[in-house]
Amino acid sequence: MAKRGQTYFCEICRQKVVVVEGGFGVLVCCGKEMSAVGTQGMMATWTTAHHRPVEGVTFVCNICKQKIMVVVETTGILECCGQRMHREEVAVR
Ligand SMILES: [Zn+2]
Ligand SMILES: [Zn+2]
């Protein structure tokens, strides 16, 4: 289960996402389970300090309500709970 603030990346296309709202679903990209990063201290620090998301693109799972924010966007297809995640553009208010 994904945890809020956890970063995941796809080993195939290098897409990187941050969990905004945790869900019970498993994040999948390119048909493969995404890997959690940030468990080793260095990487976690680097990710939060230098890689603040600028795009504001999020994806939501309609089943478990897991929400992720894209840090590095690729053409890889994000899935959760066996379905494609729903893309949302966050309006800046
Ligand atoms: Zn899900
Ligand atoms: Zn991918």
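As a reminder, the structure under discussion sits directly above these lines.
Residues numbered from 1 in each chain as written. Chains lettered and ligands numbered in written order. Predicted model: local features only at pLDDT ≥ 70, side-chain atom pairs only at ≥ 80, totals over all residues.

J.: When you look at the overall build of the chain in this model, what are you seeing that I'm missing?
T.: Across its full length, the chain carries 1 helix and 10 strands. Listed N to C, the secondary structure of the chain is β-β-β-β-β-α-β-β-β-β-β in terms of helices and strands. Looking at the chain as a whole, 26% of its 93 residues are labelled buried. Counting only contacts in the chain whose residues sit at least 6 apart along the sequence, the fraction spanning at least 24 positions is 58%. (Helix = DSSP H or I, 4+ residues; strand = E, 2+ residues; numbered from the N terminus. Buried ≥ 20, exposed ≤ 12 C-beta atoms within 10 Å, placed from the backbone. Contact = placed C-beta atoms within 7 Å.)

J.: What am I meant to see in the pairing of strand β6 (residues 57-60) here?
T.: Where β6 and strand β10 (residues 86-89) come together, 4 bridges link them in antiparallel fashion. Opposite Phe 59, over in β10, you have Arg 87 as the bridge partner. As paired strands, β6 and strand β7 (residues 67-72) are joined by 3 bridges and run antiparallel to one another. Across the sheet, the residue bridging to Thr 58 is Met 69, located in β7. (Pairing = 2+ DSSP bridges.)

J.: I would appreciate a short explanation of the pairing of β7 in the present structure.
T.: One face of the sheet, then the other: side chains in a regular strand alternate in exactly this way. In terms of strand pairing, strand β2 (residues 16-21) meets β7 through 5 bridges, oriented antiparallel. Residue pairing for β7: Val 19 is matched across the bridge by Ile 68. Linking β6 to β7, which pair antiparallel, is a turn of 6 residues; within it Lys 65 sits at a positive phi near 65°.

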